[in-house]
Amino acid sequence: MRTTVGIIGAGPAGLLLARLLHNAGIDSVVLESRDRAYVEQRQRAGILEQGTVDVLRAAGAAERMDREGLRHDGIELRYARKRHRVDFPALTGGRSVMVYAQTEVCKDLIALQLKEGGPLLFEAEALAVEGADTTGPSVRFRHEGRESVLECDYVVGCDGFWGVARQAVPAPLSRVFERTYPFGWLGILADVPPSHDELVYARHDRGFALLSMRSPSVSRLYLQVPDGTDAESWGDEEIWAELERRFETEDDWRLERGPITQKSVTPMRSYVHEPMRYGRLFLAGDAAHIVPPTGAKGLNLAVGDVVTFARALTHQKETGSAQLLDAYSETCLRRVWQAERFSYDMTTMLHRAPDATAFEDRLQLARLERVASSRAAGTDLAEGYTGFPLD
């Protein structure tokens, strides 16, 4: 099998890249190790930056998102029982975000790919990327019980942190930057309408809490818990009681309860692999970088990566110049490190470390007060949250 671009991974990054290349008249093949049902059901991100929304619309993949997604023009910060709303459009010249689950993005892109695009092979396990430093790289994979080889001009690894793509970068060339956090998020899905019409980020002496949503009838909520916590060790009543404590306010706001349908614990880490390119192998998304979910950046960073690659390859096709392809890693990493900085700032401002001192507690409150009282500080948060430019 031969194609121009071999794409490993049918998450939102790989699927969107296939769509962008299709629209540019460039052929590709997508290899996904899981089956279609798994890809369309795995719960991940739910906040789309303004730039991601714009890209999906331009790619012809936003019809259902525009019909069912929830536009949000701000978030609420809670601390010391106070409430402060950050108004995105007022602080960013009109930018906003969209609440639309990653599962739904994948469903939309899969349907388009199967209808209009190139081959999308489910249950096709990539085994290795070979010849990345040559003009003819290939992906060795297993599909339907047989090993095959996908010959390519370029390979893009959208196969996540545990995928094979990054392993093809020689160790002496790899530089890794990472930080692990001593806490995680206990997340729940609950069949109850959200108790607020925008996301609520709460800093509390007992730990962080987040009120989010998946739809007008389904709430998504999170609690900061110690690293290594077993989700099943928390009973439903215990979860709701703790959420109520951490979201408490001075007014009569109430958290509505409902049946909990899913529990899971998400570990927290920051990770960057440099470079994001080796020869004709390009890394995208979690294969190259991970951010703590506080800043809602993971999916959006992956979108930025594949947009950068698609534009660069299209530029080469139209002009014969490889300048943008050669700059891929540097271009992506500028945006990646700003997103890492923003996610780290949000995480350390809102989460209480297990060994936090009274001094550090007061610093967190001072940082939140600064956002609430300074237009400049509020603008910095709003610009980071709604997304850094994809250019």
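Residues numbered from 1 in each chain as written. Predicted model: local features only at pLDDT ≥ 70, side-chain atom pairs only at ≥ 80, totals over all residues. Heavy atoms only, no water.

Novice: Talk me through the packing of helix α1 (residues 12-23) against helix α8 (residues 298-319); I want residue IDs and the actual numbers.
Specialist: Put simply, α1 and α8 touch, their axes get as near as 9 Å, and they point 25 degrees apart. Here α1 lies roughly parallel to α8, going by the angle between them. Crossing angle aside, the handedness with which α1 passes α8 is right-handed. For the pair α1 and α8, contact is made by P12, A13, L16, L17, L20 and L21 and by L299, A302, V303, V306, V307, F309, A310 and L313, respectively. (Axes fitted to C-alpha atoms, helices over the stretch in contact; angles between N-to-C directions. Helix = DSSP H or I, 4+ residues; strand = E, 2+ residues; numbered from the N terminus. Parallel < 35°, antiparallel > 145°, perpendicular 65-115°, else oblique. Left-handed = near helix turned anticlockwise from the far one by under 90°. Contact = heavy atoms within 4.5 Å.)

Novice: How would you explain the side chain of H72 if you had to name every residue and give the values?
Specialist: Along the chain, the position of H72 falls in strand β4 (residues 70-72). H72 gets classed as buried once you look at its relative accessible area, which sits at 4%. At 3.3 Å, the side chain of H72 forms a polar contact with the backbone oxygen of D197. Once you skip the residues sitting within four places of it in the chain, H72 turns out to touch F88, S96, V97, V99, D197, E198, L199 and M213. (Buried < 20%, exposed > 50% of the residue type's maximum accessible area, 1.4 Å probe, protein only. Polar contact = N/O pair within 3.5 Å; in protein donor to acceptor, adjacent residues only side chain to side chain.)

Novice: So, the side chain of Q113: which residues are in play, and what are the values?
Specialist: Structurally, Q113 is set in helix α6 (residues 102-116). According to the relative accessible area criterion, Q113 is buried, its value standing at 3%. Only 3.1 Å separates the side chain of Q113 from the backbone oxygen of G118, close enough to count as a polar contact. For Q113, the residues in contact, after removing those within four places along its chain, are A18, R19, V30, G118, P119 and L120.

Novice: For helix α3 (residues 50-58), give the residues involved together with the corresponding values.
Specialist: Two residues of an α-helix separated by three or four positions point the same way, owing to the 3.6 residues in each turn. Every buried residue belonging to α3 is among Q50, G51, T52, V53, V55 and L56, and all of these are buried. Taken together, the buried residues of α3 touch α1, β3 (47-48), α4 (63-68), β7 (97-99), α8 and α12 (375-386). Directly beyond the C-terminal end of α3, a positive phi value near 75 degrees is found at G60.

Novice: Which residues make up the sheet that holds strand β19 (residues 281-283), and what values do they have?
Specialist: Hydrogen bonds between backbone atoms are what pair the strands of a sheet, whose relative direction is either parallel or antiparallel. Taken in spatial order, the 6 strands make up an open sheet running β8-β2-β1-β12-β19-β18, and their pairing is mixed. Pairing within the sheet leaves two strands with one partner each, and these edge strands are β8 (120-121) and β18 (277-278). Pairing geometry for strand β1 (residues 5-8) and strand β12 (residues 154-157), over 4 bridges, is parallel. Counterpart to I7 in the pairing with β12 is V156. (Pairing = 2+ DSSP bridges.)

Novice: Tell me about the nonpolar core, residues and numbers included.
Specialist: Ranked by size, the top nonpolar core spans 76 residues in total, and within it L16, L48, L281 and F309 carry the most contacts. Broken down by element, this core gets its largest block of residues, 10 residues, from α8. Aside from chain neighbours lying at most four places away, what touches L16 is V55, L56, A59, L109, V303 and V306. Counting 51 residues, the second largest nonpolar core, distinct from the first, contains Y201, I239, W253 and F388. (Core = buried A, V, L, I, M, F, W, Y, C linked by side-chain atoms within 4.5 Å.)

Novice: An account of the environment of I188 is requested, with residue identities and associated values reported.
Specialist: Mapped onto the secondary structure, I188 falls in strand β13 (residues 175-190). Linking I188 and V97, residues 91 residues apart in sequence, is a C-alpha distance of 22 Å. In contact with I188, other than residues within four places in its own chain, are S219, R220, L221, I239, W240, L243, I260, Q262 and K263.

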